[in-house]
Amino acid sequence: MKIMGDFGGLGIFFVVTLIFPITALIPAFLLQPRHPTKQKGIPYECGVDTIGKTYVQYRIGYFLYALIFLVFDIETVFLYPWAVRFGALGLFALLEMFLFLGILGLGLWYAWKKGALSWK
Amino acid sequence: MMNFWAVSTEILILALMVAALAMDLILPKEGTRRGIAYVVISGLLATLVYTFGLYHTGPSMTFFGGLFIADNYALFFKQLFIVGMLFSVLFSMDYVEKYIESPGEFYTILMSALLGMCVMASANDLLTLFIGLELMTISFYVLVGQRMDDKDSGEASVKYLIVGAGSTAVMLYGISLVYGASGSLDFVVICRSLQMFFSIGLAGVVLVMIGFFFKLSVIPFHMWAPDVYQGAPTPITALLAMGSKAAGIAVFMRVLYTAFPLLGAYWLPVLAVFAAICMVGGNIMAIRQTDVKRMLAYSSIAQAGYMMCGIVSADIAGMKAVMFYAMLYVFANVGAFAVLTCVETMRGGTTHRHMTGLAQSAPILAAVMTISLLSMAGIPPTAGFSGKIYIFTAAVERGYLWLAFVGFVMSMISVYYYLLVAKAMYRDLTPEEEAENTAVKIPFAVRATVLLSVIATIGTGIYPELLASLTNLASQTFMR
């Protein structure tokens, strides 16, 4: 059938990506020496000992910042290929890019106005 | 260069959405947001007038390599969505001011839901369909939870999100199987592919249909509908019942007729049985409801059943009947929900108890409610009668006599629970109730909405040719 022909290669790729980490992890699991101490059991945070509980609530502000960061992220993703091929794309693409930037700018304006950028 | 005229309606709606968002930012923080509603209403009115100019004969405009088609069929449904949205915004201005915390965002997301519906109506391949569907439903997840003061609203939103995500997954899996079997997402290519007759293609068709059944709240995939309808803000319930459902019907019909017509022998009997289950179950479960919103949720399940009767006939007559019925269902819904919204704003609820004595305190609202409900039940001379005649005639002509019979019997049963509401409004009051029955002040916008909806309902009932000729025009460019 058609599916087997076209997507068989992709299927093999999936199988390989599944087998590869398993073959790497299982021998390591079987061969590793086990000498657990309390020092080894604590969570690793850049080599510094953890202070207090690890289950804490994070400020919602972090997520808002992450979302706004995403706006600029997407902007870069689309701006870069457009800038590289600018000569071939022409005026139409220029107008479209300004439309795109306008929509992104509106989003940022919205976030700013609603107070997502102020750290309370 | 791509033909941007094909998407001009969508561009107008998108501009309206941006305008609503920008106005929300420009207007003073503590001031009223009524201005946005006026801008949205006038913008939608202009768009509606504009769309009449897009009706055409001959080949339809397409966009993006035929993935998006602007034929008369799509145009008709777009007008239906715009009319529904226009009136919902019109009658809910006071409600929004009272209950919705951030009206600017509310109107913006309303426009994005409308945009999603329009994309759905124009979808000419499964991916465009999916994008439109998701744009609409994700907007509705947010809109359903807009009542910050009401726990039920949040609960409804989460329920809708979870069931919606599940049904989306089912549909997406179906789409992937259909793609696997036919090698394309384009409806016309899918139709031509012989591979669709193999089990994998059929499995895909089944899953796509189940996805649609979830969105149309067809029994037994309806369990989310009553809670969501009851918990959502009343204008949003109205839009779920008319806009979201009509969008689902529009695209469902297009998929079945253009992508899977050769598989009709498989899906026609299935659809007929589900239509019957819907009509019986929806009407019987509606009988015991005392909250009018919840009753209308079950009634909308039954209405989806009636519309599926039209789809089952699988010809031009059936398609026209479904379009006719969807449009008059919008008229009836606008009337009923305008009254409900007004009552909820004044009295704080939508149960039979809140409706009591409406005939004395606001006779016009009581009359409109009764006429709208009778139209849903299909009593002459309202539009519902002619709509049901068209649908059942189309079904009988294709040999589904039993289905039409079930429909007739269940319509008679539905009169009972629709008239229970009328009874609550018109019955004699005890002296204590009389004292409590304060006068209801009806804003001008609501008065205009209910009058227009009644004129449309009665007018279409007495003179159906006008709407029928529009559906005629709409179906002309459909079958190629």
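Residues numbered from 1 in each chain as written. Chains lettered and ligands numbered in written order. Predicted model: local features only at pLDDT ≥ 70, side-chain atom pairs only at ≥ 80, totals over all residues.

1. Examining the overall build of chain A
In step 1: When you go through chain A residue by residue, the secondary structure sums to four helices and zero strands.
In step 2: What you see in chain A, going N to C, is helices and strands ordered as α-α-α-α.
In step 3: Taken over the C-alpha trace, chain A has a radius of gyration of 25 Å; the compact-globule value for 120 residues is 14 Å, which it surpasses by more than 25%.
In step 4: With respect to the principal axes defined by its C-alpha atoms, chain A has extents near 65 × 60 × 25 Å.
In step 5: Residue burial in chain A is summarised as follows: out of 120 residues, 0% are buried. (Helix = DSSP H or I, 4+ residues; strand = E, 2+ residues; numbered from the N terminus. Rg over C-alpha atoms; globule rule 2.2 N^0.38 Å. Buried ≥ 20, exposed ≤ 12 C-beta atoms within 10 Å, placed from the backbone.)

2. What about the overall build of chain B?
In step 1: Looking only at helices and strands, chain B features 22 helices and two strands.
In step 2: Taken over the C-alpha trace, chain B has a radius of gyration of 21 Å; the compact-globule value for 480 residues is 23 Å, and the two agree within 12%.
In step 3: Projected onto the principal axes, the alpha-carbon positions of chain B cover approximately 70 × 55 × 40 Å.
In step 4: Look at the contacts in chain B between residues 6 or more apart in sequence, and 78% of them connect residues 24 or more apart. (Contact = placed C-beta atoms within 7 Å.)

3. Describing the interface of chain B and chain A
In step 1: Facing the seven residues of chain B at the interface are six residues of chain A.
In step 2: In terms of residue count, the dominant contributor to the side of chain B that touches chain A is helix H1 (residues 8-26) of chain B (four residues).
In step 3: Of the residues in the side of chain B that touches chain A, the class split is four nonpolar, three polar and no charged. (Nonpolar A, V, L, I, M, F, W, Y, C, P; charged D, E, K, R; others polar.)

4. Comments concerning the UniProt feature "transmembrane region" (unreviewed entry) in chain A
Residue and element names in this part refer to chain A.
In step 1: The feature "transmembrane region" (unreviewed entry), as annotated in UniProt, sits at residues 12-31, 62-83 and 89-112 in this numbering.
In step 2: With 100% helix and 0% strand, residues 62-83 has end C-alpha atoms that lie 31 Å from one another.
In step 3: Measuring from the first to the last C-alpha atom of residues 89-112 gives 33 Å, for a span that is 100% helix and 0% strand. (UniProt positions renumbered as here; feature names shortened; annotations may be inferred.)

5. A short note on the nonpolar core
Within soluble globular proteins, side chains that are nonpolar tend to cluster in buried spots.
In step 1: Met120, Ala275 and Ala326 of chain B are the most contacted members of the largest nonpolar core, which has 190 residues in total.
In step 2: Excluding residues within four positions of it along the chain, Ala275 of chain B makes contact with Gly305, Met308, Cys309, Val312 and Leu403 of chain B. (Core = buried A, V, L, I, M, F, W, Y, C linked by C-beta atoms within 7 Å.)

6. Re the environment of Tyr463 of chain B
Residue and element names in this part refer to chain B.
In step 1: Turning to its location among the elements, Tyr463 is positioned in the loop between helix H21 (444-462) and helix H22 (465-476).
In step 2: For Tyr463, a count of 12 C-beta atoms within 10 Å puts it in the exposed group.
In step 3: Sequence separation between Tyr463 and Pro381 is 82 residues, and the spatial gap between their C-alpha atoms is 9.7 Å.

7. Here's the deal with helix H11 (residues 234-259) of chain B
In step 1: Taking 1.5 Å of rise per residue, 26 residues should cover 38 Å, and H11 of chain B covers 36 Å from first to last C-alpha, within 8% of that figure.
In step 2: Residue Leu240 of chain B marks the point of greatest curvature in H11 of chain B, where the axis turns by about 35°. (Expected span 1.5 Å × (residues − 1). Bend = angle between axes of the 7 residues up to and from the residue.)

8. Details of the environment of Phe214 of chain B
Residue and element names in this part refer to chain B.
In step 1: Along the chain, Phe214 falls in helix H9 (residues 199-215).
In step 2: On the basis of neighbour counts, which here come to 22 C-beta atoms within 10 Å, the residue Phe214 falls in the buried class.
In step 3: Separated by 51 residues in sequence, Phe214 and Val163 have C-alpha atoms that sit 8.2 Å apart.
In step 4: Among all residues touching Phe214, those that are not within four sequence positions of it are Val163, Ser167 and Phe221.

9. Describing the environment of Ala286 of chain B
Residues and elements named next belong to chain B.
In step 1: Its location among the elements puts Ala286 in helix H12 (residues 264-286).
In step 2: Through-space distance from the C-alpha of Ala286 to that of Tyr298 is 5.2 Å; in sequence the pair is twelve residues apart.
In step 3: The contact partners of Ala286, leaving out residues within four places of it in the chain, are Met295, Tyr298, Ser299, Ala302 and Tyr417.

10. Focus: the packing of helix H6 (residues 126-144) of chain B against H11 of chain B
All names here are of chain B.
In step 1: Viewed as axis vectors pointing N to C, H6 and H11 meet at an angle of 170°, and their least axial separation amounts to 12 Å. Taken as axis vectors, H6 and H11 run roughly antiparallel relative to one another. Residues Leu129, Met136, Phe140, Leu143 and Val144 of H6 pack against Ile236, Leu240, Ser244, Ala247 and Val251 of H11.
In step 2: Within the contact of H6 with H11, the residues separate by chemical class into nine nonpolar, one polar and no charged. (Axes fitted to C-alpha atoms, helices over the stretch in contact; angles between N-to-C directions. Parallel < 35°, antiparallel > 145°, perpendicular 65-115°, else oblique.)

11. With respect to the confidence of the model for chain A
In step 1: Looking at chain A as a whole, its pLDDT mean stands at 84, while 95% of the residues score no less than 70.
In step 2: Within chain A, the lowest mean pLDDT, 80, falls on helix H2 (residues 38-41) of chain A, and the highest, 88, falls on helix H4 (residues 86-113) of chain A. (pLDDT = per-residue confidence, 0-100.)

12. Some words on unusual backbone geometry
Residue and element names in this part refer to chain B.
In step 1: Cis peptide bonds are those with omega within 30 degrees of zero, and the linkage from Ile219 to Pro220 qualifies with 5°.
In step 2: Looking at the element boundaries, Pro220 is found in the loop between H9 and helix H10 (225-231).
In step 3: With an omega dihedral of 10°, the bond running from Pro380 to Pro381 counts as a cis peptide bond.
In step 4: Mapped onto the fold, Pro381 is located in the loop between helix H17 (363-377) and helix H18 (383-397).
In step 5: For Ser217, which is not a glycine, the phi torsion comes out positive at approximately 50°.
In step 6: Examined against the element boundaries, Ser217 turns out to sit in the loop between H9 and H10.

13. Here we look at the packing of H17 of chain B against helix H19 (residues 401-426) of chain B
All names here are of chain B.
In step 1: As a packed pair, H17 and H19 sit with axes 9 Å apart at the nearest point and diverge in direction by 175°. One finds that H17 runs roughly antiparallel with respect to H19. Along its contact with H17, which presents Ala366, Met369, Thr370, Leu373, Leu374, Met376 and Ala377, the element H19 presents Ser411, Ser414, Val415, Tyr418, Val421, Ala422, Met425 and Tyr426.
In step 2: Considered class by class, the residues forming the contact of H17 with H19 number twelve nonpolar, three polar and no charged.

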